[in-house]
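Spelled out from the first residue to the last, the chains are:
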Amino acid sequence: MIKNVLIKTTPATAIDCSNIERVTGIVIDSAEPENTLTKYLLSVDGGKWRKRDDGIWKMMNESDLTAELVLQEGITKAELQALTENELTAFGGKIIDVAVAMQIGNNAELPSVTKIEMVGVNTQIKKDVFFSNVFKLSKESVKINGIEVAKTENSGGAVNVFASVQNDAGDWSEYVACEKIKDKGNAIRFKAELEVDRPGTSTAILNNVKIHHWKEDKTATMEGRSVLITKQLTLDNEVSRAHAMIKHPKISDTEFKMFIIFGNSNNFSEMTHTASYEKGEEIEENFEFTATETTSNIVTLKVENYQKSGAVGNEILGVGTGRQQAFKLAHNARPESLQVSGGGEWTYKEKTQTLLVTANVGNEISVSYDWIAKPACLTALACSFNS
């Protein structure tokens, strides 16, 4: 069965060309599967519907459109997109309505139209410049590792963001592109330039700006990962090899990695883990690194600790005895996620990762929970260098 469908724009969905002085083309994104047909009619500022006839625009007298009429008199996508600026002079500065008719044949896939856009020129390009407040980073200068800019740019819109950094003497740097900021500073400010070449159609939005910075010899911690970065070390001689040792408490489901920078680069290289030793309640881990392309007497170290996480589902712990039983969990459970099956009363001792359960005789006891390793800390860090 063949089916015809008619779709028309509304005042809310009409194409606004009021800020386009000259329309130079029409762009249509659509799908026209086999055994389908799609045609279009246009109207300017609520006037009569227009069709193309012998290479010129002609007004149609019909006010009540039907799908059949548009399919008979309408314009194809290829014909619309082939129109030149000289054939589109009537559309500049106007509101354009579109009627779309689709014919869907037997067993055909559905056609679609996802975008109809009038492309044009506006000699009155609009550009605004905005200045941010001053953002204080620290009492003392911190190293700015990078700045992330999230922006939305569509149909000829552009967003450019610049930054200026204040040093400890109170002096401000010149505004430069964010990607060029690698200085130290205690405060930062921004300048944003938003430009659109087609107001009303173009989009230029500054969504947010994120500043990545750290203070040397300080630890930054968040759940799942903690980072320690040393001060920049200045040695007497240039070196290319490093041998590092760290110590930390014995904690399950945790992992340490070490990184190094030779020189003033911002890019850390991961050191190779070579050995691990248990010493009482502590673990000693060894790392080494050899630079293949550079030597320097300036070195920076970084230690990262990863708290592993996961989930346990329906782990069988044992069978109820009618009395309280203690079960040591394999991982550090998040208390709010614990679900115990087969038991009556139960209590969780987070410090010892112990689950106390009182279950009826013969009941199978199982537990499900999310877990994350306990936070770990360094008790020692040492490093030797040579060339």
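Given the structure is predicted, the values throughout are model-derived calculations rather than measurements.

Undergrad: So, the overall build of the chain: which residues are in play, and what are the values?
TA: Scanning the chain from terminus to terminus reveals 2 helices and 32 strands. Here the chain has a C-alpha radius of gyration of 34 Å; the compact-globule value for 387 residues is 21 Å, and the former is much larger. Dimensions of the chain along its principal axes, counting C-alpha atoms only, are 95 × 70 × 40 Å. For the chain, the proportion of its 387 residues judged to be buried stands at 39%. By sequence separation, contacts in the chain at least 24 residues apart represent 76% of the contacts at least 6 residues apart. When the accessible surface of the chain is split by element, carbon and sulfur atoms take 46% of a total near 21700 Å². Charged side chains in the chain number 42 positive and 52 negative. The centres of these two groups are separated by 4 Å.

Undergrad: Could you give an account of the sheet that holds strand β27 (residues 324-328), naming the residues involved and the relevant values?
TA: Pairing is antiparallel across the open sheet formed by 3 strands, whose spatial order is β27-β30-β29. Among the strands making up the open sheet, the edge pair consists of β27 and β29 (345-349). Ignoring which end each strand starts from, the neighbouring axes of this sheet average 20° apart. Relative to strand β30 (residues 354-358), β29 is paired through 5 bridges, and the arrangement is antiparallel. Bridged to Tyr348 within β30 is Leu355.

Undergrad: Explain the pairing of strand β7 (residues 95-104) to me, using residue names and the numbers behind them.
TA: The element β7 is extensively covered by neighbouring structure, given that 8 of its 10 residues are classed as buried. In this structure, strand β1 (residues 3-8) lies alongside β7, joined through 6 bridges in antiparallel fashion. Its bridge partner being in β7, Asn4 is matched across the sheet by Gln103. Bridge count between strand β2 (residues 15-16) and β7: 2 bridges; the pairing is antiparallel. Paired with Asp16 across the strands is Ile95, a residue of β7. Pairing of strand β4 (residues 36-44) with β7 involves 9 bridges; the strand directions are antiparallel. Its bridge partner being in β7, Leu37 is matched across the sheet by Gln103.

Undergrad: Could you give an account of the packing of aromatic side chains, with specific residues and numbers?
TA: Across all of its chains, the model carries 4 aromatic pairs by this definition. Centroid distance Phe262 to Phe289: 6.1 Å. Interplanar angle 25°. Geometry classified as stacked. Here the residue Phe262 occupies a position in strand β21 (residues 254-262), and Phe289 occupies one in strand β24 (residues 282-290), the gap between them amounting to 27 residues. Given the relative accessible area of 10%, Phe262 is considered buried. Relative accessible area serves as the criterion here: at 18%, Phe289 is assigned to the buried category.

Undergrad: Residues and numbers for the pattern of salt bridges, please.
TA: The final tally for this structure, using the stated rule, is 12 salt bridges. Put simply, Arg22 and Glu85 hold a salt bridge, and the shortest N to O gap is 2.8 Å. Pair noted here: Arg22 is in strand β3 (residues 22-31) and Glu85 is in the loop between α2 (77-81) and β7, with a separation of 63 residues, a long-range link. On the accessibility criterion, Arg22 (37% relative accessible area) is partly exposed. Under the relative-accessibility criterion, Glu85 is labelled partly exposed at 30%. Across the pair Arg52 and Glu87 runs a salt bridge whose closest N-O atoms are separated by 3.0 Å. Here Arg52 is found in strand β5 (residues 49-53), whereas its partner Glu87 is found in the loop between α2 and β7, with 35 residues between them in sequence. A cluster of three or more residues bridged by salt bridges with shared partners is formed by Asp29, Lys115 and Glu117.

Undergrad: Now, about the pairing of strand β25 (residues 296-307): what can you tell me, with residues and values included?
TA: Within β25, 10 of the 12 residues are buried, leaving the element largely enclosed by the surrounding structure. Sheet analysis places strand β18 (residues 225-229) next to β25, joined by 5 bridges and oriented antiparallel. Following the sheet pairing, Val227 is matched in β25 by Glu304. Taken together, the 3 bridges between strand β19 (residues 233-239) and β25 define a ladder with antiparallel strand orientation. In the strand pairing of β25, Thr234 is matched with Ile298. Strand direction decides the pairing type here: β21 and β25, joined by 9 bridges, are antiparallel.

Undergrad: Hey, could you go over unusual backbone geometry for me, with residue numbers and the actual values?
TA: For Asp45, which is not glycine, the phi dihedral falls at a positive 50°. By the secondary structure assignment, Asp45 is in the loop between β4 and β5. In this structure, Asn107 takes a positive phi of about 60° despite not being glycine. One can find Asn107 in the loop between β7 and β8 (112-121). You can call Asn107 exposed: its relative accessible area is 84%.

So, how was this worked out
Residues numbered from 1 in each chain as written. Predicted model: local features only at pLDDT ≥ 70, side-chain atom pairs only at ≥ 80, totals over all residues. Heavy atoms only, no water. Helix = DSSP H or I, 4+ residues; strand = E, 2+ residues; numbered from the N terminus. Rg over C-alpha atoms; globule rule 2.2 N^0.38 Å. Buried < 20%, exposed > 50% of the residue type's maximum accessible area, 1.4 Å probe, protein only. Contact = heavy atoms within 4.5 Å. Areas by Shrake-Rupley, 256 points an atom, 1.4 Å probe, with all protein chains shown as cover. Lys, Arg positive; Asp, Glu negative; His and termini not counted. Charge placed at Lys NZ, Arg CZ, Asp CG, Glu CD. Pairing = 2+ DSSP bridges. Axes fitted to C-alpha atoms, helices over the stretch in contact; angles between N-to-C directions. Phe/Tyr/Trp six-rings, centres within 6.5 Å; stacked < 30°, edge-to-face > 60°. Salt bridge = Lys/Arg side-chain N within 4 Å of Asp/Glu carboxyl O.

Keep in mind these values describe shape, not function.
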